[in-house]
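These are the residues of each chain, in order.
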Amino acid sequence: MTDHLTTLERAVAEELQTAHGLDAETAARRAADMTPRLSPRFSTWVRRELTILQRRERRRHRAETPRHRATPGGREFQRFSLNVRLQHAVMALSVIFLILTGLPLKFSDLGVSKAIISLFGGPDVSPIVHRVAASLLIAVGIWHLVYIAATREGRATFLLLLPRPQDAKDAWQQIRYFLGRTEQRPRFDKFSYVEKFDYWAVYWGMVIMIGSGTVLWFTNQFLKVFPKWFTDIAKEAHSDEALLATLAIVVWHFYNVHFNPHKFPMNRTFITGRISEQEMMEEHPREWERITSGAPLGPADSRPVEPQGGAQ
Amino acid sequence: MKRLTLLATAALASGAAAQPGPAPTPAPPLAVEVRQCGICHGRPEFKQVDPDGTVRTLWVDEGQLATSVHAKWHCIDCHADVDRIPHPPRLALVNCQRCHFPGNPVGAPEEVNYEGYVKSVHGRLRQAGNAKAPACQDCHGGHGVRKPSDAASLVHPLHLPQTCGRCHVRVFAEYTTSAHGVSLLEKGNREAPSCSSCHGEHGILPPKENASAVSATHIPETCSNCHGMTEFNLRYGIPINPVRTFRHTFHGIANELGSVRVANCASCHTAHNILPATDPRSTVNPANIPATCGKVGCHPGANANYARGRFHIDPSSRDAGIIYWVALFFKILTVSTLAALGAHIVLDLVKKLRHRQGATVRD
């Protein structure tokens, strides 16, 4: 109906509909009728006024309805088990300490580096903190390998995390969607290609960091067998991969889970393990269909649960 | 005598308040006119046998005195405790501070750093009663004081090693055969460091003290005065900046963060016996690396593997060998990964913001 209208005419028509209660057809006709007669300066003014009005309206609307939270009485889904959340928590904690006691060494000429290191007990104690955190990271790595090998849930989750050709297709479609080439968003299962990338990036990071870190931890022992340049490679790789991993976490991971406009400022799923049905439908439609189709749930599938009072 | 009185008058006239040092006090009336010191001290054979049997010459070379900066002064201007002839057998040590204090009226150089000296290891030992610790005249000379810039001065950079070496014999021996010593003393290269270039002049502190210019925490900074400059390093065939590259090793980082346990420049290169790694006598010669790294408290049991690789690595330079390629790999990986992820984030952000807006204002 409104296809033949210009942007301004459409905006006016919409305003006539909402503010003056006209039906769509009348509003469109009136809008088309009145706008050509407006001087360019006046139409600019109208447009700006409308924008301000609409913005105010949107703000009110947003304040009234919390975004992306379970509507009262709405279903929630248990996306991450306690086991997985604990793995994530231990890893996050150890990585935070590793970054705090590690990156200052890479940027040792900055004043803030000195302050952070002295916070961790100075150059004699902070290496111990780094090694304790590293031990935690190694432990959580082993824990995870046992989890994906020895538990039903872990095995099924791992299978869902394996890269498939569909991920490349999804990524391509997502880019096309970003660029406005398609209105159809890719329909993800439990793990989108973004989440799979995060998962496998951790493997790469763990191999490089734990491997090179072990060489640096036991330099004297390694030098009994290997030449000095071997430990030099370990040092360079440890330092460079540390920066890459930190940037990937802080920029990429934090944006995707917390800082994007749909989740800002924080997504609580890493604590509660739950997501709302609305989020489930938007972000994991394929999984949602599978779960709600009545077919028996797999060990890795998110389970519908009653909303918790405490969890918002 | 006339001059001394003149000096005292001038000092009084200049105002007592402006004098931090002890002003030259008017000498008590002399029993004799002390003008004739040369009658005894002018003779080279004038000697004294001390109770312990050592023979001390009491000859004052008037020629030496005449070419010194103090040529215009009389003996009693410095030896102020001589008030009669013959004078007591042992005179007090001359106090240079009689004239060399800020605001002194006789035009004596004021930049003399007494405070530094008093706090220095030499001054402290001297005050503690160690007669072997040097006072001013031990380094600057007694009767033959010359400006440090004077080539004949005892503290001229070319002479300083010998002057310090009178006490620090072993250090002198090490220094003279080191790259620095050979360059300065044999080749006469004034760019090469003399003792004071690293240790400072009057305020010399033991290396164990943090404030010392050669303490573990300050030595990289001290060495970087010369070796921190690329042109300087290139002039002496050092292709990398040794201080900057040190700063990026674990040794250098811990040093920067205040660790005194970790290796600093001198730990590997030694303090005085510094030689290029190509020299077989050098502690950083590949053949000597195991012994150098294997020092007690460092890497006990170090073997030849410690020498198999480069030192002072600059990962951004092709000279770094394999480290250059590792660093390049990670540089490319980091930049390309973050570019891709960043682009994805920007596209996602734009779409999400548009989407929110799109509900009301359509473009």
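Residues numbered from 1 in each chain as written. Chains lettered and ligands numbered in written order. Predicted model: local features only at pLDDT ≥ 70, side-chain atom pairs only at ≥ 80, totals over all residues.

Participant: Lay out the overall build of chain A with the relevant residues and their values.
Facilitator: The helix and strand tally for chain A stands at 14 helices and three strands. Across the 312 residues that make up chain A, the buried fraction comes to 25%. Of all intrachain contacts in chain A linking residues separated by at least 6 positions in sequence, the fraction that spans at least 24 positions is 64%. (Helix = DSSP H or I, 4+ residues; strand = E, 2+ residues; numbered from the N terminus. Buried ≥ 20, exposed ≤ 12 C-beta atoms within 10 Å, placed from the backbone. Contact = placed C-beta atoms within 7 Å.)

Participant: Tell me about the overall build of chain B, and please be specific about residues and values.
Facilitator: Within chain B one finds 18 helices and two strands. Buried residues in chain B amount to 23% of all 363 residues. Across chain B, every contact between residues at least 6 apart in sequence was considered, and the portion connecting residues at least 24 apart equals 43%.

Participant: Give a detailed account of helix α12 (residues 219–227) of chain B, specifying residues and quantitative values.
Facilitator: Think of an α-helix as 3.6 residues a turn; residues three or four steps apart then line up on the same face. All names here are of chain B. Buried residues of α12: Ile219, Pro220, Thr222 and Cys223, and no others. Buried residues of α12, seen end-on, are gathered within an arc of 160° and therefore sit on one face of the element. Looking at the buried positions of α12, the neighbouring elements they touch are α11 (195–199), α14 (242–247), α15 (250–256) and α16 (265–269). (Arc of directions from axis to C-beta.)

Participant: I'd love a proper account of the interface of chain B and chain A, names of residues and values included.
Facilitator: Contacts between the two partners involve 38 residues from chain B, matched on the other side by 39 residues from chain A. Mapped by element, the contributors of at least two residues to the side of chain B that touches chain A are α15 and α18 (322–358) of chain B. The biggest single contributor to the side of chain B that touches chain A is α18(B), with 18 residues. Taken together, the residues of the side of chain B that touches chain A break down into 19 nonpolar, nine polar and 10 charged. (Nonpolar A, V, L, I, M, F, W, Y, C, P; charged D, E, K, R; others polar.)

Participant: Explain helix α4 (residues 82–106) of chain A residue by residue, including any values.
Facilitator: In a regular helix each residue adds 1.5 Å, so 25 residues correspond to 36 Å; α4(A) covers 35 Å between its end C-alpha atoms and thus fits that length. If you look at α4(A), its biggest bend is around 25°, right at A:Ile99. Among all positions of α4(A), only A:Ser94, A:Val95, A:Leu98, A:Thr101, A:Gly102, A:Pro104 and A:Leu105 are buried. On its buried face, α4(A) is in contact with α5 (111–119), α6 (122–150) and α11 (228–259) of chain A together with α15 of chain B. (Expected span 1.5 Å × (residues − 1). Bend = angle between axes of the 7 residues up to and from the residue.)

Participant: So, the domain arrangement of chain A: which residues are in play, and what are the values?
Facilitator: Each assigned domain of chain A is listed with its residue range as follows: domain 1 (11–64) and domain 2 (78–305). Inter-centroid distance (C-alpha atoms) of domain 1 of chain A to domain 2 of chain A is 47 Å. (Domains from an automatic or database assignment.)

Participant: Report on the sheet that holds strand β1 (residues 76–78) of chain A, specifying residues and quantitative values.
Facilitator: All names here are of chain A. Read across the sheet, three strands follow the order β2-β1-β3 without closing on themselves; strand pairing throughout is antiparallel. This sheet does not close on itself; its edge strands, each paired only once, are β2 (274–276) and β3 (303–305). On average, adjacent strands in this sheet sit at an angle of 35° to one another, irrespective of strand direction. Where β1 meets β2, three bridges bridge the pair, whose relative direction is antiparallel. Counterpart to Gln78 in the pairing with β2 is Arg274. (Pairing = 2+ DSSP bridges. Axes fitted to C-alpha atoms, helices over the stretch in contact; angles between N-to-C directions.)

Participant: Describe the environment of A:Glu9, with residues and values.
Facilitator: Residues and elements named next belong to chain A. Assignment of secondary structure puts Glu9 in helix α1 (residues 7–20). Residue classification places Glu9 among the buried residues on the basis of 21 C-beta atoms within 10 Å. Distance in space between the C-alpha atoms of Glu9 and Asp33 is 9.0 Å, their sequence separation being 24 residues.

Participant: Go over the nonpolar core, please, and point to the residues and values.
Facilitator: A:Ala245, A:Ala248, B:Ile323, B:Val326 and B:Phe330 are the most contacted members of the largest nonpolar core, which totals 16 residues. Contributions of two or more residues to this core are made by α9 (193–217) and α11 of chain A together with α18 of chain B. Per element, the largest residue contribution to this core is seven residues, and it comes from α11(A). Setting aside residues up to four positions removed in sequence, A:Ala248 forms contacts with A:Ala201, A:His253, B:Thr337 and B:Leu341. Membership of the second largest hydrophobic core comes to 14 residues, among which are B:Ala254, B:Leu257, B:Ile289 and B:Cys293. (Core = buried A, V, L, I, M, F, W, Y, C linked by C-beta atoms within 7 Å.)

Participant: An account of the confidence of the model for chain A is requested, with residue identities and associated values reported.
Facilitator: Parts of the model with low pLDDT should not have their predicted coordinates read in detail. Looking at chain A as a whole, the pLDDT averages 88, with 89% of positions reaching at least 70. Per-residue pLDDT stays below 50 along residues 66–70 of chain A; that stretch engages in 10 contacts with residues further than four places along the chain or on separate chains. (pLDDT = per-residue confidence, 0-100.)

Participant: So what's going on with the environment of B:Leu328? Residues and values would help.
Facilitator: All names here are of chain B. The topology assignment puts Leu328 in helix α18. For Leu328, a count of 15 C-beta atoms within 10 Å gives the class partly exposed. Distance in space between the C-alpha atoms of Leu328 and Cys136 is 57 Å, their sequence separation being 192 residues.

Participant: Please set out the confidence of the model for chain B residue by residue, giving values where relevant.
Facilitator: Residues and elements named next belong to chain B. Confidence along chain B averages 86 in pLDDT terms, with 88% of residues attaining 70 or more. Across residues 1–23 the pLDDT falls below 50, and counting only partners more than four positions away or on other chains, this stretch makes 27 contacts in the model. Of the regions scoring below 50 in pLDDT, residues 26–33 engages in 13 contacts with residues more than four places distant in sequence or in other chains. Of the two predicted TM-score estimates for the complex, the pTM is 0.78 and the ipTM is 0.78.

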